[in-house]
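# Structural overview for review
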Amino acid sequence: MQDALVPMLAVVTDIRRDTPDVKTFRVVSPDGKKPFEHIPGQCAMLSMPGIGEALFSITSSPTNEEYLEFSIKKCGCVTTWIHNIEPGQMVTLRGPYGNGFPVESDLKGKDLLFIAGGIGLAPLRSVINYCRDKRSEYGKITVVYGARSKDDLVDYNEILSEWLPGGDLDVQLTIDREQEGWDGHVGFIPSFVKELDPSLDYTVLMCGPPVMIKFTLQGLKELGFKDEQIYTTLEMRMKCGIGKCGRCNLGDKYICKDGPVFRFDQLSELPDEY
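Residues numbered from 1 in each chain as written. Predicted model: local features only at pLDDT ≥ 70, side-chain atom pairs only at ≥ 80, totals over all residues. Heavy atoms only, no water.

Turning next to the sheet that holds strand 11 (residues 202-207). Taking strand neighbours across the sheet as the criterion, the seven strands line up as 10-9-8-7-11-12-15 in an open arrangement whose pairing is mixed. Each having just a single partner strand, strand 10 (185-186) and strand 15 (261-263) make up the two edges of the open sheet. Both strand 7 (residues 111-117) and strand 8 (residues 141-147) contribute to a ladder of six bridges, which runs parallel. Bridge pairing links Leu113 to Thr142 in strand 8. Along the sheet, helix 5 (residues 210-223) contacts strand 7, strand 11 and strand 12 (230-233); its crossing angle with strand 11, the most-contacted strand, is approximately 165°. (Pairing = 2+ DSSP bridges. Helix = DSSP H or I, 4+ residues; strand = E, 2+ residues; numbered from the N terminus. Contact = heavy atoms within 4.5 Å. Axes fitted to C-alpha atoms, helices over the stretch in contact; angles between N-to-C directions.)

The structure is reproduced here in structure tokens:
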């Protein structure tokens, strides 16, 4: 079994541009196989000696047996370097790290409401596609996804070609402001969720910018949802992945070891830093 602390060589075999500042990278081991197994919501460390390393959500589903995928937003030195590589580039990879969404326990058989903003769809994509591949094991599945503009919708082609036509998901899209060529909903996610007035039978999985999460959570509570019904992921706070650097320490928790997936009733016991 691969030691999650030891970097392994991996090859980037495919790169696709999702938005002006987000690309998705397909990664395999040098023998062409999937590097390791993971749980939806877990992360892995991508690095290049001499350049740096960074932790990213694994955005492909565990049911994909051929490769791992990472959707990466260009926002710093390491991500800028990654955005400039070409297929065939060797990188180092270690993981998986953290806990994941409880797809085989607490979420099984439940109606699921996914709420994502911008790049926040990337960590949830792994869970959504996992549930699609095991569709009979879950109840109704609704995805509410929004971004600043149509061009900023991550995985938009997959949404159009696979999620919408399949009929096994109810997909609701929105963008912040009106845009030429967009005939869908216009408005911010928190108000859109309240407008949709989802059933209280849903279990909610949410990821996005902190301000989106703050006001969406507030809206969900006004609708009657309880903290125990709502999950989120805080992988953006993680750095080393193994609980040594202290960057992700919150109260008595380390996001990388105790998270990054939490229910909001668990977060309510922590300091208000998140």
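Moving on: the packing of helix 2 (residues 121-133) against helix 3 (residues 156-166). Relative to each other, helix 2 and helix 3 sit at 20°, their axes nearing to 13 Å. With respect to helix 3, the element helix 2 is oriented roughly parallel. Crossing angle aside, the handedness with which helix 2 passes helix 3 is left-handed. Between helix 2 and helix 3, the contacting residues are Leu121, Arg125, Ile128, Asn129 and Arg132 on the first element and Glu158, Ile159, Glu162 and Trp163 on the second. Here the residues of the contact of helix 2 with helix 3 are counted per class, giving four nonpolar, one polar and four charged. (Parallel < 35°, antiparallel > 145°, perpendicular 65-115°, else oblique. Left-handed = near helix turned anticlockwise from the far one by under 90°. Nonpolar A, V, L, I, M, F, W, Y, C, P; charged D, E, K, R; others polar.)

Moving on: the sheet that holds strand 3 (residues 43-48). On the basis of which strands lie adjacent, the open sheet formed by six strands has the order 4-3-6-1-2-5 and antiparallel pairing. Edge positions in the sheet fall to strand 4 (52-57) and strand 5 (68-73), since each of these pairs with one other strand and no more. On average, adjacent strands in this sheet sit at an angle of 40° to one another, irrespective of strand direction. Strand direction decides the pairing type here: strand 2 (residues 22-28) and strand 5, joined by six bridges, are antiparallel. When the sheet's bridge partners are listed, Arg26 is paired in strand 5 with Glu69.

Honestly, that's just the spatial picture; any functional story needs more than this.
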